[in-house]
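# Results of the structural survey
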Amino acid sequence: MFINGETAVYGIFGYPVKHSKSPTFQTESFHHLGINAVYVPFEVKPENLQEAIKSMKILNIKGINVTIPHKEEIIKYLDEVSQEAKIIGAVNTVKNIDGYLIGYNTDAYGFIEGLKEIIEIEGKTALVIGAGGASRSVIYGLLQQNIVKIYLANRTPQRAIEIINDFCKYYRVIDQIVSVISLDQIDEVLENVNIVVNTTSVGLKDDDKPLFDYDRLQEKHTVVDIIYRETKLLKKAKEKGCNHQDGYPMLIYQGAKSFEIWTGQKAPVEVMKRALGI
Ligand SMILES: NC(=O)c1ccc[n+]([C@@H]2O[C@H](COP(=O)([O-])OP(=O)(O)OC[C@H]3O[C@@H](n4cnc5c(N)ncnc54)[C@H](OP(=O)(O)O)[C@@H]3O)[C@@H](O)[C@H]2O)c1
């Protein structure tokens, strides 16, 4: 890698951020396309977010990704926010144009591009488990693809209801498409869904209690767990012969879209995948 006085700086703001794989595949992509740029991790504590955003302008940091816990909070510090980031209520990508900061959300795109690798989405029915930040992007993405029905299950049903209330300003018929259910009701709807998505953090640890009885999965289900590992849910899906996917395709495609927003160039997706060994 060649660094000189003209090297552009990109990065990721998060807390913690050490686990992030974005610096690896983004820097590799710049290098592959001969773009004089680096992408580095910035550990930004919540109380320092506003100052860190200001520093983007001062230091001329060209673009950043944003991860936990800043995706919602950052919105108020930006000059402009894309329509989809507004609907989702979260920004994961910022572009700095001569000191003017524009926020985008590429998580929904990332999820959908990954899912399209294993199933055609239009006309399908999905069970989405979880109602946190990631769930909002997944639901937005599925709605954009004309999904016919989403069962939204969350430990705290009120958070799922909040998603419907927030989205109904933009999707008038959302309450006809999205139905909130409890985790206990998953068994009742499983028979009727094509796609099962885990957007909770359950599965990060091996001893996490399953979200439902995974033995009830059938070969007809397409199962996505957006966690970056082979969770118990995915192991069972594999065992049952289901189409299945972990969180890496979503990570790669959200990063690819960010790359394109920053550089105006097509992202080298295969290079990104190779950089992560997938
Ligand atoms: N692949 C990717 O590109 C990508 C992108 C974003 C996030 N992710 C992953 O997605 C996961 C969620 O991220 P997030 O930002 O949405 O987090 P978040 O906003 O904190 O939401 C966490 C979700 O997990 C649920 N949950 C946590 N512990 C639970 C338990 N013991 N039992 C049942 N439900 C539980 C929460 O339910 P309550 O509402 O009841 O608390 C909530 O729905 C993380 O593992 C993250 O790494 C992956």
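Structural data are supplied above this passage.
This structure is a prediction, so every number in the text was calculated from the model and none was measured.

Scoring rules and cut-offs
Residues numbered from 1 in each chain as written. Predicted model: local features only at pLDDT ≥ 70, side-chain atom pairs only at ≥ 80, totals over all residues. Heavy atoms only, no water. Helix = DSSP H or I, 4+ residues; strand = E, 2+ residues; numbered from the N terminus. Rg over C-alpha atoms; globule rule 2.2 N^0.38 Å. Buried < 20%, exposed > 50% of the residue type's maximum accessible area, 1.4 Å probe, protein only. Areas by Shrake-Rupley, 256 points an atom, 1.4 Å probe, with all protein chains shown as cover. Lys, Arg positive; Asp, Glu negative; His and termini not counted. Charge placed at Lys NZ, Arg CZ, Asp CG, Glu CD. Core = buried A, V, L, I, M, F, W, Y, C linked by side-chain atoms within 4.5 Å. Domains from an automatic or database assignment. Contact = heavy atoms within 4.5 Å. Axes fitted to C-alpha atoms, helices over the stretch in contact; angles between N-to-C directions. Parallel < 35°, antiparallel > 145°, perpendicular 65-115°, else oblique. Left-handed = near helix turned anticlockwise from the far one by under 90°.

## Let's talk about the overall build of the chain
For the chain, the helix and strand inventory stands at 11 helices and 12 strands. Here the C-alpha radius of gyration of the chain, 19 Å, is about what a compact globule of 278 residues would show, namely 19 Å. Oriented by its inertia axes, the alpha-carbon framework of the chain measures out at about 60 × 40 × 35 Å. By residue count, 51% of the 278 residues in the chain fall in the buried class. Accessible surface, the chain: about 13300 Å² in total, of which carbon and sulfur atoms supply 48%. Once the 32 positive and 35 negative side-chain charges of the chain are each reduced to a mean point, those two points are 1 Å apart.

## Observations concerning the nonpolar core
By size, the foremost hydrophobic cluster in this structure holds 33 residues, and its most contacted members are Phe111, Leu142, Leu143, Ile147 and Phe167. The set of elements that each furnish at least two residues to this core consists of α3 (83-88), α4 (107-116), β7 (125-129), α5 (133-144), β8 (149-153), α6 (157-167), α7 (174-177) and β10 (195-198). Top contributing element to this core by residue count: α5, with 5 residues. Here this core spans two domains, and each of domain 1 (8-105 + 250-275) and domain 2 (109-246) adds at least three residues to it. When residues no more than four places from it in sequence are discounted, the contact partners of Phe111 are Val138, Leu142, Val197, Val224, Ile226 and Met250.

## Structural notes on the packing of helix α1 (residues 22-32) against helix α10 (residues 248-263)
Packing of α1 against α10 brings their axes to within 11 Å, and their N-to-C directions diverge by 45 degrees. Classed by the angle they form, the pair α1 and α10 counts as oblique. Here α1 and α10 pass one another in a crossing that is right-handed. Residues Ser22, Phe25, Gln26, Ser29 and Phe30 of α1 form the contact with α10, whose participating residues are Leu251, Ile252, Gln254, Gly255, Phe259, Trp262 and Thr263.

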